[in-house]
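As a plain string of letters, each chain reads:
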Amino acid sequence: MKIGLIREGKIPTDKRVPFTPLQAEEIQLRFPDIKMLCQESDIRCFNDDEYRTHGIDVKKDVSECDILMGIKEVPIDLLLEGKTYFFFSHTIKKQAYNRKLLQAVLKKKIKLVDYEVLTDRQGNRLVAFGRYAGIVGAYNGLWAYGKRFNLFSLRRAHECFDVNDLKLELRKVKLPAVKIILTGAGRVGKGSMETLDSAGIRKVNPHDFLTRSFSEPVYVQLSSADYHTHKEGRIFNREEFHKYPERYTSNFHEFTKVANILMAGAYWNPKAPVLFTREDMLSPDFRIQVIADITCDIDGSIPSTKRATTIADPLYDYDPATDSVQPVLSNEKFVTVMAVDNLPCELPRSASEEFGHDLINKVLPLLNNIDHDDIIKRATIAEDGHLTANYEYLSDYVSGS
């Protein structure tokens, strides 16, 4: 079996890889029936010579491979007919901008396996970049606050060599007695906690966060139960909330009265109440000055997330009075927003290493048809020119109806 690491072709470019050079070498040692190839690329975070040093063939053409693995969507003109591809397709939510991609996959009889839906029996994702989205998103939130108030100067995350270099940079963070909200307890939330802990910021419980004053910066990690109440006055039930979020209302505004920074890392269901409204932001007791929307849900639970930002241009200001995006740091009454939508790309070497580790241990062994839980089957969106059973709901999306 030949597995090829393809050159990323989507613009803007992505420097991440499914496997580092050392991991590609490890694969050939652990799985003697697999041969790794690497397509020539001048953009990935590991250069071609690093792969050659670890005994991996680097070629311009990898069409001899049985399986082709990348990160982002493959441009339609680069798709090879009849091959098996692994990448993030961004089609399962019927994203309009990728309709033609899925149409081409079907036309070329490609087997498409999407990383996003590689899950175990309980529905837990096996591979993801969420931890690094959290690490970088929280870092960017601290960087933005320091920049807004001219408190300290940090290198940008993408200027750091790897995650260890970034954590050393956090020693420069010197915050006053601010209060930081972090939402989310999954991969993103845990990654954000790593950053805040590395910066020496103390974690406190929700009650103390709301009622106490501190002489040092602190953060609180909120779960859904901390800021949702049942409309009928019943006790919060997590299972019910996930299934029927519309039965609950938000009391998140209690936290916005005391917090200075919000780092949003929780998944938001469109049927759930928003965290707060534009009218809430106009209230004199709304104290948040910097929002790092790690989830980057456009027009979602946070009214100030009007658009995504980029690594090159990560910030803008939001004016709640006019509901408009304004130049960054243009008015002290505005809220500064960080909404970069590809945060793990800022630490591509470290993010790739963790992603590849999970692929090697949780996915590669399944390629030899030892997949008793049908993990690959469940993650296969298309095969032999047809949508698979789990993804037949995409039929109208593919047809454009």
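- In the nomenclature of an unreviewed UniProt entry, the protein chain corresponds to Saccharopine dehydrogenase [NAD(+), L-lysine-forming] from the organism Ohtaekwangia kribbensis.
- In its Pathway (unreviewed entry) section, the UniProt entry covering the protein chain states "Amino-acid biosynthesis; L-lysine biosynthesis via AAA pathway; L-lysine from L-alpha-aminoadipate (fungal route): step 3/3."
- The UniProt entry for the protein chain carries the following comment under Subunit (unreviewed entry): "Monomer."

Concerning the layout of surface pockets
- Estimates place the volume of the second largest pocket at around 350 Å³.
- Taken together, 19 residues line the second largest pocket, and the ones lying closest to its centre are Lys111, Asp371, Ile376, Lys377 and Thr380.
- When contributions to the lining of the second largest pocket are tallied by element, the ones reaching two or more residues are strand 5 (84-87), strand 6 (111-114), helix 12 (375-379) and strand 17 (380-383).
- Split by residue class, the lining of the second largest pocket holds eight nonpolar, five polar and six charged.

Focus: the pairing of strand 7 (residues 179-183)
- The buried fraction of strand 7 is high, at five of five residues.
- Because side chains alternate across strand 7, one face comprises the buried residues Lys179, Ile181 and Thr183, and the other comprises Ile180 and Leu182, equally buried.
- Of the pairings in the sheet, the one linking strand 7 to strand 9 (residues 218-222) comprises five bridges and is parallel in character. Within strand 9, the position partnered with lysine 179 by the bridge is valine 218.
- Sheet topology note: the strand 7/strand 12 (residues 261-264) ladder contains four bridges and is parallel.

Quick notes on helix 11 (residues 348-362)
- The end-to-end C-alpha distance of helix 11 is 21 Å, a good match for the 21 Å that 15 residues give at a rise of 1.5 Å each.
- Buried within helix 11 are the following residues: Pro348, Ser350, Ala351, Ser352, Phe355, Gly356, Asp358, Leu359 and Ile360.
- At its buried positions, helix 11 is contacted by helix 1 (21-30), strand 4 (67-69), helix 4 (130-148) and helix 5 (163-169).

A look at the side chain of serine 250
- Residue placement: serine 250 occurs in strand 11 (residues 248-250).
- At 3.1 Å, the side chain of serine 250 and the backbone nitrogen of phenylalanine 252 are in polar contact.

Considering the packing of helix 1 against helix 11
- Running from N to C, helix 1 and helix 11 point in directions that differ by 15 degrees, and their axes come no closer than 11 Å. Considering the angle they form, helix 1 stands roughly parallel to helix 11. For the crossing formed where helix 1 meets helix 11, the hand is right-handed. Seen from helix 1, the contacting residues are Gln23, Glu26, Ile27 and Arg30; seen from helix 11, they are Ser352, Glu353, Gly356, His357, Ile360 and Asn361.

Topic: the sheet that holds strand 5
- Reading across from one edge, 3-2-1-4-5-6-17-18 is the order of the eight strands in this open sheet, with mixed pairing throughout. Strands at the two margins of the open sheet, each flanked by one partner only, are strand 3 (57-59) and strand 18 (386-387).
- Bridging between strand 2 (residues 35-39) and strand 3 involves three bridges; their strand directions are parallel. Pairing of glutamine 39 across the sheet is with lysine 59, part of strand 3.

Some words on the sheet that holds strand 13 (residues 290-293)
- Judged by pairing direction, the sheet is mixed, and its eight strands sit side by side in the order 8-9-7-12-13-16-14-15 without closing on themselves. Unpaired on one side and paired on the other, strand 8 (202-203) and strand 15 (324-326) mark the two borders of the sheet.
- Relative to strand 15, strand 14 (residues 315-319) runs antiparallel, the two being bridged by three bridges. Each residue of the ladder has a partner; that of aspartate 319, found in strand 15, is serine 324.
- Packing of helix 4 onto the sheet brings it into contact with strand 7, strand 12, strand 13, strand 14 and strand 16 (335-338), and relative to strand 13 it is tilted by some 160 degrees.

Conventions adopted
Residues numbered from 1 in each chain as written. Predicted model: local features only at pLDDT ≥ 70, side-chain atom pairs only at ≥ 80, totals over all residues. Heavy atoms only, no water. UniProt positions renumbered as here; feature names shortened; annotations may be inferred. 1 Å grid on protein atoms, 1.4 Å probe; cavity = no way out; pocket = protein on both sides within 12 Å on 5 of 7 lines; lining within 4 Å. Points joined across faces, edges and corners; volume = space filled by probe spheres on them. Helix = DSSP H or I, 4+ residues; strand = E, 2+ residues; numbered from the N terminus. Nonpolar A, V, L, I, M, F, W, Y, C, P; charged D, E, K, R; others polar. Buried < 20%, exposed > 50% of the residue type's maximum accessible area, 1.4 Å probe, protein only. Pairing = 2+ DSSP bridges. Expected span 1.5 Å × (residues − 1). Contact = heavy atoms within 4.5 Å. Polar contact = N/O pair within 3.5 Å; in protein donor to acceptor, adjacent residues only side chain to side chain. Axes fitted to C-alpha atoms, helices over the stretch in contact; angles between N-to-C directions. Parallel < 35°, antiparallel > 145°, perpendicular 65-115°, else oblique. Left-handed = near helix turned anticlockwise from the far one by under 90°.

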